[in-house]
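# Analysis of the macromolecular model
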Amino acid sequence: MSIERREARQPWILLSPALGAVGLLLIVPLLFIVVYSFWLRSATGGDTAGFHLDNWIKALTDPFYRYILLNTLKIAAITTVLCALLGYPAAYFIARSKGNKMILLLLMMLPFWISYIIRTMSWINILGASGALNSGLMALGVINEPLQMLYNEAAVILGLVHFLLPFMVLNVYVSLEGIDTNLEDAATSLGATRWQSFLQVTLPLSLPGLAAGGLLCFVLGAGTYITPLVLGGPRDAMFANLVFEAIITQLNWPLGSALSLLLLMVLGVLVAIYNRYLGMAQLAKGLG
Amino acid sequence: MDNTTRYNRLLERFRNGDLDRRNFLGLIGAAGAAYGLQTPFARTALAQDVQQVRFDGWGGVVSEAFRKHAFDPYTAATGINVVDGTFSGGDEYLAQVRSSQEGEYNIAHLSGVFDYARYVNLDLTTKLNIANIPNMDLVMDALTDAYRRVTPDYLSAVPYNYGTTGLAYNRKYISDEEMKEKGAKILIDEAYKDKIGGWSDWRTRIWYGALQTGQDPNNITDIEAVWDAIRSHRDLALKYWGSGAELMSLLAEEEIYVTEGWSGRIAALQEQGHDIGYYDPPNGFGWQECLFVIKGSPVEACEELLNFMLAPETSIAVAEGQNYPPALDGTKVDLGSKIPTLPAYDPSGTLEALTFADPAYWNGNEAEWSETFSRVQRGF
């Protein structure tokens, strides 16, 4: 075998364990879900094999699923914007601080050491009727009765921001770290104020990180189902909750498969748009 | 020789240098592949030695009582280990069983006769030889008959305990008299807006919707009225709870003042000193739980374990731990001092005071009602 051919094969040999894992653990199960989505639920709860478009027609034309899907995208979008507004200043502060960056980054990563469910439930002890905030306000005489702060859409968004903020901060931080600070100095030496130098130099250069963080927050936010379950009221649901209900409560695996693929496709389109204009390299930097 | 011993011997050979790393890893990989390949066909090996039985239940104090009073004595008597698993909900567990290989799951502590019927419909049953379970003589006939109506020729489960889903209320804000006067309609009383809770289970919502509209839950004639009642409840409720722990937390923290609740969980709250009342309205939701043997399980070993679990000392210990009365007939067995005080306990052994869900009726409507409830819950 020639050296060229051996060199050409080498990357594939090195990649084969990863490709095998992705194939077996992602592609093959995904194909099962695709096949399942064309089956039907029988009256007894079992599945009827075949090629039926019923689940897809229902998922695509039923206004109920459209409403929940749009609501899910709306909640994910609001969460992403809030994460950007809160995360950028934090990332900027960490990136520009001198000497204690590692401690600040460590502090930011600390919540990841605690289960996501526990972190979400912690809001009940903070915002609940007998939670810290209501108890404090009542003790101070500011209010006479507890404020109703939980079990609504705002609480769901709060829980999601709490969960997703570190992803945004990390991505923006990585982006800001890569910007040569001499550029800001050059801008100010040419007469720009610090604010102008930020707006015209730093912010545009950090946009790829902001976009990568936004994509991560949006995709993870749109796919969540624990947060509305714990912090939402009776009406609050996201699309993943419907997938859960179809598969677990209604035993309708075929419809659940179609719904989960629909969500995957919608989010896949967003990732494809991101990749088309910004590329996945920035995302890899943030995750790395 | 069991697989653990085989692995330990192989590991020792590798550490002693008798086996190189390549061969060691190759043999481990081959063993894994062999296990993966043989599992689908292992179901035909009916003559295999039974070394373990898997039990899945609700965990907590119940598991502890089972371990102490049933599993350990059973292992000592038979040499068969009991692997103890837990689940958080019957629907979730059924999804696991459906996606597993036959024989992987053996005995489950299931809720409701409709769960029994669902397993029957999905062809997940086993025919038990009741003669191998002498303690079945102590069980109330009323509970066993409910399963016999689903499978007249055989049983795939033994009854284990029962309870009710009644109305739980904070006595600081709602008196016993008000509760008795309003009954199920208190859950759609605007005076308690944002202080009302409810289980997110579609059956319970429809059952209470039927009671609120004056209908028989086992023969609903005006389902649209029921959906309207569910909509009213949804708009007044602060939160649908999804687990017993959440129910207890919402009541104990005074996030809600009234909800339906599981009798055992409310008894636990009362034991903790919370002033929570419990009321079973007329036609309140009665249910029973069973120990179900799943298709593909080693039947004789499971029957013997069921007999250990039904023994009075085990049944009573579990019942006192979870606050649900056991399936044992109080007229045949001395149930001690605590059980007769539990909510829903029936000293007559007939259970005539409780209304149970008709499995054929509820399972026949499951597909339509569960999906419609999902929509109604979200404002449709």
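Owing to the predicted nature of the structure, the values given are computational and were not obtained by experimental measurement.

### Things to note about the overall build of chain A
- Scanning chain A from terminus to terminus reveals 13 helices and 2 strands.
- By principal-axis analysis of the C-alpha atoms, chain A measures approximately 80 × 75 × 35 Å.
- When each of the 288 residues of chain A is scored for burial, the buried share is 42%.
- Put simply, 68% of the contacts in chain A that link residues at least 6 apart link residues at least 24 apart.
- Of the charged side chains in chain A, 15 are positive and 13 negative, and the gap between their average positions amounts to 5 Å.

### With respect to the overall build of chain B
- A tally of regular secondary structure across chain B gives 14 helices and 10 strands.
- Of the roughly 16400 Å² of accessible surface on chain B, a fraction of 48% belongs to carbon and sulfur atoms.

### Comments concerning the packing of aromatic side chains
- Tallying each qualifying case throughout the model produces 37 aromatic pairs over all chains.
- Ring centres 4.1 Å apart and planes at 25 degrees place the aromatic pair A:Y116 and A:F163 in the stacked group. Highlighted residues: A:Y116 in helix α5 (residues 116-127) and A:F163 in helix α7 (residues 153-177), separated in sequence by 47 residues. Comparing A:Y116 with A:F163 shows no difference in burial state: the two are buried.
- On the numbers, 5.1 Å between centres and 70 degrees between planes, the contact of B:F55 with B:F66 is edge-to-face.

### Concerning the environment of A:E245
- Looking at the secondary structure, you find A:E245 in helix α11 (residues 239-249).
- Note on A:E245: relative accessible area 13%, which makes it buried.
- Taking the C-alpha atoms as reference, A:E245 lies 34 Å from A:R276; in sequence the two are 31 residues apart.
- Among the polar contacts listed, one links the side chain of A:E245 to the side chain of B:R378, at a separation of 2.8 Å.

### With respect to the interface of chain A and chain B
- Listed by partner, the interface residues are 35 residues for chain A and 33 residues for chain B.
- Counting across the interface, chain A meets chain B through 5 salt bridges.
- The residue B:R98 makes a salt bridge to A:D47 at a minimum N-O spacing of 2.7 Å.
- Scanning the region where chain A abuts chain B turns up 12 residue pairs in polar contact (both at pLDDT 80 or more).
- Broken down by secondary-structure element, the contributors of at least two residues to the side of chain A that touches chain B are α3 (63-96), α10 (226-231) and α11 of chain A.
- Residue classes in the side of chain A that touches chain B are distributed as 18 nonpolar, 11 polar and 6 charged.

### Observations concerning helix α13 (residues 312-322) of chain B
All names here are of chain B.
- When we look at burial in α13, the residues that qualify are T314, S315, I316, A317, V318, A319 and Q322.
- Tucked inside the fold, the buried residues of α13 contact α3 (60-78), β3 (107-111), β4 (157-170), α11 (263-271), β9 (285-293) and α12 (299-310).
- Phi turns positive one or two residues past the end of α13, at N323, with a value near 65 degrees.

### A closer look at the pattern of salt bridges
- Taken as a whole and assessed by the stated rule, the structure comprises 27 salt bridges over all chains.
- In this structure, A:K74 and A:E153 form a salt bridge, with 3.0 Å as the shortest nitrogen-oxygen distance. Separated by 79 residues along the polypeptide, A:K74 in helix α3 and A:E153 in helix α7 bring together distant segments of the chain.
- The class of A:E153 is partly exposed, set by a relative accessible area of 24%.
- The shortest N-O distance in the salt bridge between B:K182 and B:D189 comes to 2.6 Å.

### What to know about the side chain of A:S197
- Turning to its location among the elements, A:S197 is positioned in helix α9 (residues 194-222).
- If we ignore the near neighbours within four places in the chain, the residues touching A:S197 are A:E184, A:A187, A:T188, A:A192 and A:T202.

### A look at the packing of α3(A) against α7(A)
All names here are of chain A.
- Where α3 contacts α7, the axes come no closer than 6 Å and their chain directions differ by 45 degrees. One way to sum up the angle between α3 and α7 is to call them oblique. Helix-helix and strand crossings are classified by hand; for α3 and α7 the assignment is right-handed.
- Grouping the amino acids of the contact of α3 with α7 by side-chain chemistry returns 22 nonpolar, 4 polar and 4 charged.

### Brief notes about a nonpolar patch on the surface
- On the surface, A:I103, A:L106, A:L107, A:L110, A:W113, A:I114 and A:I118 cluster together to form a nonpolar patch covering roughly 740 Å² of accessible area.
- Structurally, the position occupied by A:I118 is in helix α5.

### Brief notes about the confidence of the model for chain B
Residue and element names in this part refer to chain B.
- The predicted model of chain B has a mean per-residue pLDDT of 89, with 87% of residues at 70 or higher.
- For chain B, per-element mean pLDDT is lowest for helix α2 (residues 21-42), which scores 55, and highest for helix α9 (residues 223-236), which scores 98.
- A low-confidence stretch, residues 36-47 stays under pLDDT 50, and its non-local contacts, those more than four residues away or across chains, total 5 contacts.

### Observations regarding unusual backbone geometry
Residue and element names in this part refer to chain B.
- Its identity as a non-glycine residue notwithstanding, E254 has a phi of 60 degrees, on the positive side.
- If you trace the backbone, E254 turns up in the loop between α10 (244-252) and β7 (258-262).
- Despite not being glycine, A344 shows a phi value in the positive range, around 80 degrees.
- Within the element layout of this structure, A344 appears in the loop between α13 and β10 (355-356).

### With respect to α12(B)
- End to end, α12(B) covers 16 Å across 12 residues, agreeing with the expected 16 Å (1.5 Å per residue, within 8%).
- Among the residues making up α12(B), those that are buried are B:A301, B:C302, B:E303, B:L305, B:L306, B:N307, B:M309 and B:L310.

### Overview of the state of the cysteines
Residue and element names in this part refer to chain A.
- Under the criterion given, the structure shown has 0 disulfides over all chains.
- For C83, which is in no disulfide, the shortest distance to another cysteine sulfur is to C217 and amounts to 4.1 Å.
- Taking relative accessible area as the criterion, C83 reaches 0% and is therefore assigned buried.
- A relative accessible area of 0% places C217 in the buried class.

Rules and cut-offs
Residues numbered from 1 in each chain as written. Chains lettered and ligands numbered in written order. Predicted model: local features only at pLDDT ≥ 70, side-chain atom pairs only at ≥ 80, totals over all residues. Heavy atoms only, no water. Helix = DSSP H or I, 4+ residues; strand = E, 2+ residues; numbered from the N terminus. Buried < 20%, exposed > 50% of the residue type's maximum accessible area, 1.4 Å probe, protein only. Contact = heavy atoms within 4.5 Å. Lys, Arg positive; Asp, Glu negative; His and termini not counted. Charge placed at Lys NZ, Arg CZ, Asp CG, Glu CD. Areas by Shrake-Rupley, 256 points an atom, 1.4 Å probe, with all protein chains shown as cover. Phe/Tyr/Trp six-rings, centres within 6.5 Å; stacked < 30°, edge-to-face > 60°. Polar contact = N/O pair within 3.5 Å; in protein donor to acceptor, adjacent residues only side chain to side chain. Salt bridge = Lys/Arg side-chain N within 4 Å of Asp/Glu carboxyl O. Nonpolar A, V, L, I, M, F, W, Y, C, P; charged D, E, K, R; others polar. Axes fitted to C-alpha atoms, helices over the stretch in contact; angles between N-to-C directions. Parallel < 35°, antiparallel > 145°, perpendicular 65-115°, else oblique. Left-handed = near helix turned anticlockwise from the far one by under 90°. Patch = residues over 30% accessible without salt bridge, like charges linked within 9 Å, V, L, I, M, F, W, Y side chains within 5 Å. pLDDT = per-residue confidence, 0-100. Expected span 1.5 Å × (residues − 1). Disulfide = S-S within 2.5 Å.

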